[in-house]
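So you can see what is in the structure, the chains are spelled out below.
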Amino acid sequence: MEDSKFEVVAVDGLARLGYLKTGHGNVQTPVFMPVGTNANVKLLSTRDLEELQAEIILSNSYHLAVKPGVDVIKSLGGLHSFMDWRGGILTDSGGFQIFSLRKLIEVDDEGVLITSPVDGSKLFLTPELSIRIQRDLGSDIVMVLDQCGHPNSSYLETKDALRRTHAWAKRSVQVGVADNQMLFGIAQGGMFSDLRRMSAQYLAGLNFDGYAVGGLSIGEPLDLTLEMTYETTNNLPRDKARYFMGGGSPDLIVQLVDLGVDMFDSVFPTRIARHGTALTSYGRLNVRSSKFKTDKSPIDMNCDCLVCRRFSRAYIHHLFDRKEVLGGTLLSFHNIRFMMNLMRRIRESILKGSFKLLKKEVLELYEQKRDSNCDVVGNDRGFNTG
């Protein structure tokens, strides 16, 4: 692990502009990483992602270890070759499955026994095995195995999970990653400020290449999300990348950037796209609404993506009305483009010292209460994402 793999080049308050040096090119930060859990971003090809100017995506090493299996991917040249992706890849360790599949797991200090919800197969995942899996996958950024608790867990339960997470982090460092990989630690601590500070300070002492803020945005109130994030980032090294796991809505991202976070991932943009909701410079738009049946306008007049250049709201409304998969594909493409443009605007605003103005603009559009049809929210002006 080397200190030179991340560089901050400008700041605006706590917001940071920088770049992360991966084995597959430099990644500009703040950055949003589309989620490709099973080696694909749903409904999008890697060619789409290249056109959308994504620089790094996320995959899940646990799910890939179950299907198709690490040996299969390794025999085909590693994860980049397997999915024909030339950009960066961050692989999650399987720690989030301790939270999301908690009825299908058994945890002890050695590791976690996970029963697959797909085929019922069992995998005993240890910190060491998780690292070896990710080494074989050949991802650019490797995440340590951690225990992500429930937001309602008691102080004693959270502290015990944190003890285990720290022990697993130390074991992961001892295993190590390949020369062209980075290893990130994951700070936990639930909804308790002192545990958040303790975790960040402990992990800082292990000198990871970067650090994640884990165990948040899982159902707790927003003010608590922001408070716990600050308690974490404020105690992490200034010269290392900071990654908020699972943050993907525009309003949340700008608030987290304002706390010094550099990296984000979420299924949010593609998931809502598959259900007919677009992210636009005017707020959210529910294209399934009957008011768009004859609307010749593009999804977003301020967007430069292929979907907005070629297709109308009426056509995409028709696709969803007839349950055509293409509707979800087109909105997924648009939503990822929106996120890439938003992140570019965030980076530009940090460089110009105007990030606070952009943050205010985004919050005015995305924090307002949506109407019953979840149609466009915000003013008629919107903001320029081009």
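Quick note: structure is the one above.
Every value quoted in this text rests on a predicted model; they were computed, and no experiment measured them.

Draft legend 1. Main features of the overall build of the protein. Scanning the protein from terminus to terminus reveals 15 helices and 16 strands. Compactness check: the protein gives a C-alpha radius of gyration of 20 Å against a globular reference of 21 Å for 386 residues, within 12% of the reference. The principal-axis extent of the C-alpha atoms belonging to the protein is close to 60 × 45 × 40 Å. Each of the 386 residues in the protein was classed as buried or not, and the buried ones make up 59%. Taking as baseline every contact in the protein between residues at least 6 positions apart, the subset at least 24 positions apart corresponds to 68%. Carbon and sulfur atoms provide 49% of the accessible area of the protein, an area that totals close to 15900 Å². The positive charge centre, built from 46 side chains, and the negative charge centre, built from 46, are 4 Å apart in the protein.

Draft legend 2. Quick look at the packing of aromatic side chains. This structure, assessed with the given rule, holds four aromatic pairs. Plain terms: the ring middles of Phe208 and Tyr211 are 5.9 Å apart, the flat faces sit at 85° to each other, and that makes the pair edge-to-face. Between Phe311 and Tyr315, the aromatic rings sit 5.5 Å apart at their centres with planes inclined by 20°, giving stacked as the arrangement. Taking the relative accessible area as the measure of exposure, Phe311 reaches 22% and is therefore partly exposed. Its relative accessible area of 31% is what places Tyr315 among the partly exposed residues.

Draft legend 3. How the structure looks around the nonpolar core. Grouped together as the largest cluster of nonpolar side chains are 77 residues, with contacts concentrated most on Phe264 and Ile346. The element that contributes the greatest number of residues to this core is helix 14 (residues 325-352), accounting for 11 residues. Those residues in contact with Ile346 that sit more than four places away from it in its chain are Pro30, Ile253, Val254, Val257, Phe355 and Leu358. If you look at the next biggest cluster of nonpolar residues, it comprises 32 residues, including Leu183, Ala200, Tyr211 and Met263.

Draft legend 4. Quick look at unusual backbone geometry. Look at the link from Thr29 to Pro30: it is a cis peptide, with omega at 5°. Here Pro30 is to be found in the loop between strand 3 (25-29) and strand 4 (31-34). Note the cis peptide between Lys67 and Pro68, where omega equals 10°. Positionally, Pro68 belongs in the loop between helix 2 (61-66) and helix 3 (70-75). Its identity as a non-glycine residue notwithstanding, Asn207 has a phi of 55°, on the positive side. Mapped onto the elements, Asn207 comes out in the loop between helix 8 (193-204) and strand 12 (210-213). For Ser217, which is not glycine, the phi dihedral falls at a positive 60°. Within the secondary structure layout, Ser217 lies in the loop between strand 12 and helix 9 (222-233). When its relative accessible area of 33% is taken as the criterion, Ser217 is described as partly exposed.

Draft legend 5. Here's a closer look at the pairing of strand 5 (residues 56-60). The buried count for strand 5 comes to five of five residues, which makes it a mostly enclosed element. By the alternation rule, side chains of strand 5 split into Ile56, Leu58 and Asn60 and Ile57 and Ser59, which are all buried. Two strands pair when backbone bridges link them, and strand 5 and strand 6 (residues 88-92) are joined in this way by five bridges, in the parallel orientation. Among the inter-strand pairings, Ile57 is bridged to a residue of strand 6, identified as Ile89.

Draft legend 6. Structural context of helix 14. The terminal C-alpha atoms of helix 14 lie 41 Å apart, and with 28 residues this matches the ideal 40 Å at 1.5 Å per residue to within 8%. Among the 28 residues of helix 14, 21 are classified as buried, and the element is accordingly described as predominantly covered.

Draft legend 7. View of a nonpolar patch on the surface. Taken together, the side chains of Val72, Leu76 and Phe82 make up a nonpolar region of the molecular surface, amounting to roughly 230 Å² of accessible area. Mapped onto the elements of the fold, Phe82 is located in helix 4 (residues 79-83). Note on Phe82: relative accessible area 34%, which makes it partly exposed.

Draft legend 8. Spotlight on the sheet that holds strand 11 (residues 182-187). One open sheet holds the eight strands; their spatial order is 4-14-13-12-11-10-6-5, and the pairing between them is parallel. Each edge of the open sheet is held by one strand with a lone partner, namely strand 4 and strand 5. When strand polarity is set aside, the average angle formed by the axes of neighbouring strands in this sheet is 25°. Relative to the sheet, helix 14 contacts strand 4 and strand 14 (263-266), its axis offset from that of strand 4 by approximately 160°.

Analysis parameters
- Residues numbered from 1 in each chain as written.
- Predicted model: local features only at pLDDT ≥ 70, side-chain atom pairs only at ≥ 80, totals over all residues.
- Heavy atoms only, no water.
- Helix = DSSP H or I, 4+ residues; strand = E, 2+ residues; numbered from the N terminus.
- Rg over C-alpha atoms; globule rule 2.2 N^0.38 Å.
- Buried < 20%, exposed > 50% of the residue type's maximum accessible area, 1.4 Å probe, protein only.
- Contact = heavy atoms within 4.5 Å.
- Areas by Shrake-Rupley, 256 points an atom, 1.4 Å probe, with all protein chains shown as cover.
- Lys, Arg positive; Asp, Glu negative; His and termini not counted.
- Charge placed at Lys NZ, Arg CZ, Asp CG, Glu CD.
- Phe/Tyr/Trp six-rings, centres within 6.5 Å; stacked < 30°, edge-to-face > 60°.
- Core = buried A, V, L, I, M, F, W, Y, C linked by side-chain atoms within 4.5 Å.
- Pairing = 2+ DSSP bridges.
- Expected span 1.5 Å × (residues − 1).
- Patch = residues over 30% accessible without salt bridge, like charges linked within 9 Å, V, L, I, M, F, W, Y side chains within 5 Å.
- Salt bridge = Lys/Arg side-chain N within 4 Å of Asp/Glu carboxyl O.
- Axes fitted to C-alpha atoms, helices over the stretch in contact; angles between N-to-C directions.

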